[in-house]
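Coordinate inspection notes
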Amino acid sequence: SVQLYTPNATNAQKWIVTLNADGQMGYATFRSKANDQYLDVVGAGTAAGTHVDVYDGNATDAQKFRLDANSWDLDKWFYLRPKVNENLALDCIGAGTVDGTGIQVYDGNGTDAQKWCFVYAGEPNTYYIINLTSCKALDVVGGGV
């Protein structure tokens, strides 16, 4: 699964970002450098509270996210809206900020728990995905093994 975790520069926190992976404007996929699996809405769930995990690449809408820029700080903080239901956003469960906080999709509510930025990780198309509230990285639990 995925969680928030203190930035540590490991592959568990590096994501290879592919923009417009399906030829549609505004969508991206996020592949973990640790295990080559993709950020994925579990079961292609469309309900608020559906967990987010990593899963083998399958080109489904559960693995496509639209980068929705915040109007107050364009090109810095984004909502990541799953293609399966763009009324939802990638969200830290319970607005948690501690290591191990789980990740879900939840009704878009404009809170900082749903705001993310991309920090270049020193390799082509590879980024750390950092949460605004906690300044912690999106991390594959157990390093992806």
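Residues numbered from 1 in each chain as written. Predicted model: local features only at pLDDT ≥ 70, side-chain atom pairs only at ≥ 80, totals over all residues. Heavy atoms only, no water.

Along the chain, Tyr106 falls in strand S9 (residues 103-107). Tyr106 gets classed as partly exposed once you look at its relative accessible area, which sits at 35%. Taking the C-alpha atoms as reference points, Tyr106 and Asn35, separated by 71 residues in sequence, lie 26 Å from one another. Those residues in contact with Tyr106, other than ones at most four positions away along the chain, are Ala48, Gly49, Asn87, Leu88, Ala89, Asp91 and Gln114. (Helix = DSSP H or I, 4+ residues; strand = E, 2+ residues; numbered from the N terminus. Buried < 20%, exposed > 50% of the residue type's maximum accessible area, 1.4 Å probe, protein only. Contact = heavy atoms within 4.5 Å.)

Looking now at the packing of aromatic side chains. Scanning the model with the defined rule gives five aromatic pairs in all. Between Phe118 and Tyr127, the ring centres sit 6.3 Å apart and the planes meet at 85°, which makes this aromatic pair edge-to-face. Within the aromatic cluster, the residues linked to one another by ring pairs are Phe30, Phe65, Phe78, Phe118, Tyr120 and Tyr127. Residue placement shows Arg81 over the ring face of Tyr79; its charged tip is 5.1 Å from the ring centre. In this structure, Lys83 packs its charged tip against the face of Tyr27, placed 4.8 Å from the ring centre. (Phe/Tyr/Trp six-rings, centres within 6.5 Å; stacked < 30°, edge-to-face > 60°. Lys NZ or Arg CZ within 6 Å of the ring centre and 35° of its normal.)

Function cannot be read off these values alone, since they describe shape.
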